[in-house]
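One letter stands for each residue in the lines below.
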Amino acid sequence: MELKLTNPIVFFDLETTGINIAKDKIVEISVLKVMPNGKEEQRTIRVNPEMHIPEQASAIHGIYDDDVKDCPTFKEIAKDLARFIEGCDLGGYNSNRFDIPLLAEEFLRVDVDFDMRKRKFVDVQTIFHKMEQRTLSAAYRFYCNKNLEDAHTAAADTTATYEVLKAQLDRYNDTLENDIAFLSKFSTQNNTVDFAGFIIYNEEGVEVFNFGKNKGVPVVKVLKEQPGYFAWMLNGEFPLYTKKILTEIRLRTAGLVK
């Protein structure tokens, strides 16, 4: 089943130096833009992370320091990438928990304030796990009856993710709607505020912390009663996007922004 689109959607996948959103960097990004008329455009870019790629990461995606030493840095590709995905919804595999938070982080590191909140997110892994509980390679085999060649390369994973989503729409046509807004809501596990999930909305729509001693406590309450907590988070190893959101809440609470 082909996707019914109002806006273009970009499926993307990242290969990185690791899984720490606050510290790790992109070494390869593949983006597949699908237009409402069905036209597709794909780009795959190797990126110099300006840091050593740990051996355990290279063992997974096969990208080593020498492979990217002459590649552009993220700062050099950021503005062009932002233009390419401007106005698009975003889709991926485990993207809500990892790829989107890390991409947002990389943009902020180079002062490209790309507002992720203006778009919808479709996480194919969440749909898959709600329905079948498997991995991407198994999903590709299960839904598309194909073996995923070159798994853990960004281009192969991106294309497989797109094909799996279309196959999911065919298989679960009595449950899933061919609508990006529905798919975005269906594939969102938590109503996160900051992508990384350190701050979420509770059932009443209130922003609350989702970790540590203040888990479940409204952010506004913590900022008021524990003034040092804000400084602790800003100085800690939290993602820049989490710090950005926390600062916005603090300024809003102080009446400095609407």
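Residues numbered from 1 in each chain as written. Predicted model: local features only at pLDDT ≥ 70, side-chain atom pairs only at ≥ 80, totals over all residues. Heavy atoms only, no water.

S.K.: When you look at unusual backbone geometry in this model, what are you seeing that I'm missing?
M.R.: Peptide bonds are trans in most cases, and residues, glycine excluded, mostly fall at negative phi. The phi angle at Asn94 is positive, at roughly 65°, despite the residue not being glycine. Residue placement: Asn94 occurs in the loop between β4 (89-92) and α4 (95-109). (Helix = DSSP H or I, 4+ residues; strand = E, 2+ residues; numbered from the N terminus.)

S.K.: Help me out: how do you make sense of the sheet that holds strand β3 (residues 40-46) in this one?
M.R.: Note on sheets: strands pair through backbone hydrogen bonds, and any given pair is parallel or antiparallel. Spatially, the 5 strands line up as an open sheet ordered β3-β2-β1-β4-β5, and their pairing is mixed. Each edge of the open sheet carries a strand with a single partner, namely β3 and β5 (121-123). Neighbour-to-neighbour, the strand axes of this sheet turn through a mean angle of 20°, independent of strand direction. Direction of pairing for β4 relative to β5: parallel, over a ladder of 3 bridges. Of the residues in β5, the one forming a bridge with Leu90 is Phe121. Set on the sheet, helix α3 (residues 74-85) makes contact with β1 (9-16), β2 (26-34) and β3; between it and β2 the angle comes to about 15°. Contacts from α4 reach β1, β2, β4 and β5 within the one sheet, and its direction differs from that of β1 by about 80°. (Pairing = 2+ DSSP bridges. Axes fitted to C-alpha atoms, helices over the stretch in contact; angles between N-to-C directions. Contact = heavy atoms within 4.5 Å.)

S.K.: For this particular structure, what's the right way to read the nonpolar core?
M.R.: The nonpolar side chains of a soluble globular protein tend to be buried, and buried together. Counting residues in each nonpolar core, the largest one holds 45 residues, and the members touching the most others are Ile29, Phe74, Leu103, Phe107, Met116 and Phe209. Secondary-structure elements contributing two or more residues to this core are β1, β2, α3, α4, α9 (219-225), α10 (227-235) and α11 (240-253). Ignoring any residue separated from it by four or fewer positions in sequence, one finds Ile29 in contact with Asp13, Leu14, Arg43, Thr44, Ile45, Val47, Ile77, Leu81, Leu103 and Ala154. Formed by 29 residues, the second largest nonpolar core is a distinct cluster that contains Leu3, Val34, Leu148 and Val164. (Core = buried A, V, L, I, M, F, W, Y, C linked by side-chain atoms within 4.5 Å. Buried < 20%, exposed > 50% of the residue type's maximum accessible area, 1.4 Å probe, protein only.)

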